[in-house]
Amino acid sequence: MSFTLEGPVLEGTLVRLEPLEHRHAADLAAAAEEDRSSYRFTWVPTAAEVEGYIDAQLARAAAGKLAPYAQVEQTSGRAVGATAYWDPRPWPTRSGLYAIEVGFTWLTASAQGTGVNTEAKYLLFRHAFENWEVARVDLKTDARNGRSRAAIEGVGARFEGVLRNWSRSWAPGEDGQLRDSAIFSITAAEWPECQARLEQRIARVLARIQPGADLPAPT
């Protein structure tokens, strides 16, 4: 059965996920060049490559394979990274999806560790489980990327194993080579517990940056 992959604006307290457009290019170019030391295993364009990067993501979106987002920091209004829904898998005998992947994620150095990634994942997971009613959400990363694996586990995903020679490597100097991919997932049955943990983490971040404020849960 058919399903049209379209990602709506997802609004949080720390971050707003906006469908990726060329108007985000200048911010993303600055974000990508801030400090590239954490991008060893991740596909992050250089400033000169951002326009082409957006074209490539929009082409994937037009083919129904991807719903790309800019991660817009609420405090500054600047796009500080990107993420996406990816690889939608429709039910074989009825409408809708049974699974979706969250991937193509990167954040500028100054936004890492601020809660933006946590809330972005929360918004993406919540929409997938509660609006699309998927049975699972996947996340993958280069098996060598310990920092990314720790971040994925930190948002509540469960490690399932390593897929050997699974996809192309994005590591510098490895053009044309394959990587082993560590795969993680959250299932629909696990989502309520994961949701509660993420909301607690986001609340702690908000309490640090706005002490004493009566802050609502993310919406």
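First, a word on what this report is: a plain description of the structure on this page.

### Considering the layout of surface pockets
Link 1 in the chain: A volume near 1,200 Å³ is recorded for the largest pocket.
Link 2 in the chain: Together, 46 residues line the largest pocket, and T42, T105, K140, T141 and S148 are the ones closest to its centre.
Link 3 in the chain: Where the lining of the largest pocket is concerned, the elements lending two or more residues are strand 4 (79-90), strand 5 (97-107), helix 3 (116-130), strand 6 (136-142), helix 4 (146-154), strand 7 (158-168), strand 8 (178-187) and helix 5 (191-209).
Link 4 in the chain: For the lining of the largest pocket, the class distribution of residues is 19 nonpolar, 16 polar and eleven charged.

### Some words on the nonpolar core
Link 1 in the chain: Grouped together as the largest cluster of nonpolar side chains are 39 residues, with contacts concentrated most on Y85, I100, F125 and V137.
Link 2 in the chain: The set of elements that each furnish at least two residues to this core consists of strand 2 (15-19), strand 3 (66-73), strand 4, strand 5, helix 3, strand 6, strand 8 and helix 5.
Link 3 in the chain: When residues in this core are grouped by element, the largest group, eight residues, is from helix 3.
Link 4 in the chain: Residue contacts for I100: discarding those within four places in its chain leaves L5, Y85, W86, D87, P88, R89, A128, W132, V134, R136, V137 and D138.
Link 5 in the chain: Counting residues in each nonpolar core, the second largest holds 16 residues, with L28, A31, A32 and A70 among its members.

### A few points about the packing of helix 3 against helix 5
Link 1 in the chain: Where helix 3 contacts helix 5, the two axes come as close as 10 Å, and the packing angle between them is 150°. Between helix 3 and helix 5, the crossing angle belongs to the class labelled roughly antiparallel. Like other packed secondary-structure pairs, helix 3 and helix 5 cross with a definite hand, here left-handed. Contacts between helix 3 and helix 5 involve T118, E119, Y122, F125, R126, F129 and E130 on the former and, on the latter, W191, Q195, L198, E199, R201 and I202.
Link 2 in the chain: Along the lines of polarity and charge, the residues of the contact of helix 3 with helix 5 split into six nonpolar, two polar and five charged.

### A short note on the sheet that holds strand 7
Pairing between sheet strands relies on hydrogen bonds along the backbone, with the strands arranged either parallel or antiparallel.
Link 1 in the chain: The strand order across the open sheet formed by eight strands is 1-2-3-4-5-6-8-7, and the pairing between neighbours is mixed. At either end of the open sheet lies a strand with only one pairing partner, and these are strand 1 (10-11) and strand 7.
Link 2 in the chain: For strand 4 and strand 5, the ladder comprises seven bridges, and the chain directions are antiparallel. Considered in strand 5, the bridge of Y85 is made with V102.
Link 3 in the chain: Packing against the sheet, helix 2 (residues 50-62) makes contact with strand 3, strand 4 and strand 5, and its axis sits at approximately 135° to strand 3.
Link 4 in the chain: Those strands touched by helix 4 are strand 6, strand 7 and strand 8, and its axis lies near 160° from that of strand 6.

### Notes on the packing of aromatic side chains
Link 1 in the chain: In this structure the tally under the stated criterion is twelve aromatic pairs.
Link 2 in the chain: Taking the centre distance of 6.1 Å and the plane angle of 70° together, the rings of Y69 and Y85 count as edge-to-face. Highlighted residues: Y69 in strand 3 and Y85 in strand 4, separated in sequence by 16 residues. An identical accessibility class is assigned to Y69 and Y85; each is buried.
Link 3 in the chain: Centre to centre, the rings of Y122 and W191 are 6.3 Å apart; their planes meet at 40°, and the pair counts as tilted.

Conventions used here
Counting of residues starts from 1 at the beginning of each chain's written sequence and follows it residue by residue. The predicted nature of this model means local features are confined to residues of pLDDT at least 70 and side-chain atom pairs, given and counted, to a pLDDT of 80 or more, with totals for whole chains, interfaces and linings taken over all residues. Hydrogens and water are ignored here; the side-chain numbers use all heavy atoms of the structure. A cavity, in this analysis, means grid points on a 1 Å lattice covering only the protein atoms where a 1.4 Å probe fits yet has no way out; a pocket is instead an open set bounded by protein on both sides within 12 Å along at least five of seven lines, and a residue lines either one if it has an atom within 4 Å of a point. Grid points are joined across faces, edges and corners, and a volume is the space filled by probe spheres set on the points. Put simply, DSSP H or I for four residues or longer makes a helix, DSSP E for two residues or longer makes a strand, and each gets a number counted from the N terminus. Polar here means any residue outside two lists: the nonpolar Ala, Val, Leu, Ile, Met, Phe, Trp, Tyr, Cys and Pro, and the charged Asp, Glu, Lys and Arg; Gly therefore counts as polar. Side-chain atoms within 4.5 Å are what join buried Ala, Val, Leu, Ile, Met, Phe, Trp, Tyr and Cys residues into a set we call a nonpolar core. Relative accessibility under 20% of the residue-type maximum defines a buried residue, over 50% an exposed one, and the middle range a partly exposed one, all with a 1.4 Å probe and only protein chains included. Residue contacts follow a heavy-atom distance rule, with two residues in contact if any of their heavy atoms lie within 4.5 Å. A fitted line through C-alpha atoms serves as each axis, taken over the contacting stretch for helices, and the angle formed by two N-to-C directions is quoted from 0 to 180°. An angle counts as roughly parallel when it lies under 35 degrees, as roughly antiparallel when it exceeds 145, as roughly perpendicular when it falls between 65 and 115, and as oblique in every other case. Left-handed describes a crossing in which the near helix is turned anticlockwise from the far one by less than a right angle; the clockwise case is right-handed. Strands are labelled as partners when DSSP assigns at least two bridges between them. Ring pairs shown here join Phe, Tyr and Trp side chains whose ring centres sit within 6.5 Å, with only the six-membered ring taken for Trp; geometry is labelled stacked below 30 degrees between planes, edge-to-face above 60, and tilted in between.

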